[in-house]
Amino acid sequence: MRLHSQSFRAPVSYSTSFNPSMERVREWRDTLFFNRFPGFCDGFKEAPAICRKEVQDYINEVEKLARTLYKMIFQSLGLENKYINTDVPDIPRTLMGINYYPPCPNPSLTLGLGSHSDVSCLTVLHPDSEVLGLEINHKGTWVPVLPVDASAFVINLADQVEILTNGKYRSIEHRVLTNGEKARMSIACFFGPLEETVVAPLPVLIDGNNPPKYRATLFKDYNRNFASSRLQPNRGTLDFARI
Ligand code: OGA
Ligand code: NI
């Protein structure tokens, strides 16, 4: 209870569902969030002493992985390193959510996490290696993400990468089912730009044959729209920027 907060801006918070004040059906999950807003707060430093070292060690390593992968996304589109270093927004904003999905007595009534795409640039997810639940929407069909091995991460491309690449890479729609018998845990680390960053399709990827599909939006406004969205299929977060 000491850490309970539904605010997306609290340095450390423990919360339930997604946006209980706006939901008629709650999502079946509790999450412990650590929030790093450069220049504003560092939830990893304020983590409870019992797990402070562990969350710091974890995020420091995952951050390196995320930065490397993020760069590779743009390299894979043929962009020069010089351009990537100067023109692609950095991802200093870090949010880590440790999810606990308790067993649900009637899994048909709700979801662990409703269908959505992640709002930031990319997500490094450590899924539960034993209890299934995560599904991705592949061309209209929900496909379970099967565990490969206990140390494997799942990488989600998120909304800002879809915008930056003008749709060449898509933000993956996903959801988590509930389980009638077993609890499930996961760790999701989200990496994104600063709040004051304007995110728009990269000019090098735009030409006569590839007109912009998204407008430029301030990441702060994008986040605000996300935080106020209702539980709805895919939450429609990308529609905010779609032309
Ligand atoms: C999320 C998410 C998936 C999972 O937290 O945004 O999609 O497996 N989590 O818990
Ligand atoms: Ni997600």
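Since the model is a prediction, treat every value here as computed from it, not as a measurement.

## Describing helix H4 (residues 219–227)
At step 1: For H4, the full list of buried residues reads Phe219, Tyr222, Asn223 and Phe226. Take H4 and look down its axis: the buried residues cluster within an arc of 95 degrees, on one side only.

## Notes on the packing of aromatic side chains
At step 1: A full pass over the atoms with the stated rule returns 4 aromatic pairs.
At step 2: Note on Tyr70 and Phe74: the rings are 5.1 Å apart at their centroids and 80 degrees apart in plane angle, and the pair reads as edge-to-face. Pair noted here: Tyr70 and Phe74 are both in helix H1 (residues 52–75), with a separation of 4 residues, about one helical turn.
At step 3: Judged by its relative accessible area of 0%, Phe74 is buried.

## Let's talk about the coordination of the nickel ion (ligand 2)
At step 1: At this site the nickel ion (ligand 2) is bound by His116 (NE2), Asp118 (OD) and His174 (NE2), with donor distances of 2.1 Å.
At step 2: Sequence spacing among the residues donating to the nickel ion (ligand 2) works out to H-x1-D-x55-H. With Asp118 in the loop between strand S5 (113–116) and strand S6 (122–126) and His174 in strand S10 (residues 174–176), this residue pair connects regions lying 56 residues apart in the sequence.
At step 3: Using a relative accessible area of 5% as the deciding quantity, one classes His174 as buried.

## Details of the UniProt feature "domain: Fe2OG dioxygenase" (unreviewed entry) in the protein
At step 1: UniProt tags residues 90–193 as "domain: Fe2OG dioxygenase" (unreviewed entry).
At step 2: Along residues 90–193 the backbone is 6% helical and 41% strand, and the end-to-end C-alpha distance reaches 6 Å.

## Details of the pattern of salt bridges
At step 1: A full pass over the atoms with the stated rule returns 11 salt bridges.
At step 2: Residue Glu63 pairs with Arg36 through a salt bridge whose shortest N-O separation is 2.6 Å. In this pair, Glu63 sits in helix H1 while Arg36 sits in strand S2 (residues 30–37), placing the two residues 27 residues apart along the sequence.
At step 3: Its relative accessible area of 16% is what places Arg36 among the buried residues.

## Here's the deal with the sheet that holds S5
At step 1: A sheet is described by the order of its strands in space; here 4 strands give the open sequence S5-S10-S7-S8, paired in antiparallel fashion. With partners counted over all chains shown, the strands left at the sheet margins are S5 and strand S8 (141–144), one partner each. When the angles between neighbouring strand axes are averaged without regard to direction, this sheet yields 25 degrees.

## Regarding the site of ligand 1
At step 1: In the vicinity of ligand 1 there are 13 residues, among which Tyr101, His116, His174, Arg184 and Ser186 approach most closely.
At step 2: Note that an oxygen atom of ligand 1 is positioned 3.2 Å from one of the side-chain N or O atoms of Asp118.
At step 3: Contact between ligand 1 and Ser186: an oxygen atom at 2.5 Å from a side-chain N or O atom of the residue.
At step 4: Isolated, ligand 1 exposes 290 Å² of accessible area, and the fraction of that covered by the protein chains is 96%.
At step 5: Listing elements by their share of the shell around ligand 1, those giving two or more residues are strand S4 (93–101), S5, S10 and strand S11 (184–192).
At step 6: A per-class count over the shell around ligand 1 returns 6 nonpolar, 4 polar and 3 charged.

Rules of the game
Residues numbered from 1 in each chain as written. Chains lettered and ligands numbered in written order. Predicted model: local features only at pLDDT ≥ 70, side-chain atom pairs only at ≥ 80, totals over all residues. Heavy atoms only, no water. Buried < 20%, exposed > 50% of the residue type's maximum accessible area, 1.4 Å probe, protein only. Helix = DSSP H or I, 4+ residues; strand = E, 2+ residues; numbered from the N terminus. Arc of directions from axis to C-beta. Phe/Tyr/Trp six-rings, centres within 6.5 Å; stacked < 30°, edge-to-face > 60°. Donors = N, O, S within 2.8 Å, 3.2 Å for Na, K, Ca; no water. UniProt positions renumbered as here; feature names shortened; annotations may be inferred. Salt bridge = Lys/Arg side-chain N within 4 Å of Asp/Glu carboxyl O. Pairing = 2+ DSSP bridges. Axes fitted to C-alpha atoms, helices over the stretch in contact; angles between N-to-C directions. Near = heavy atom within 4 Å. Polar contact = N/O pair within 3.5 Å; in protein donor to acceptor, adjacent residues only side chain to side chain. Areas by Shrake-Rupley, 256 points an atom, 1.4 Å probe, with all protein chains shown as cover. Nonpolar A, V, L, I, M, F, W, Y, C, P; charged D, E, K, R; others polar.

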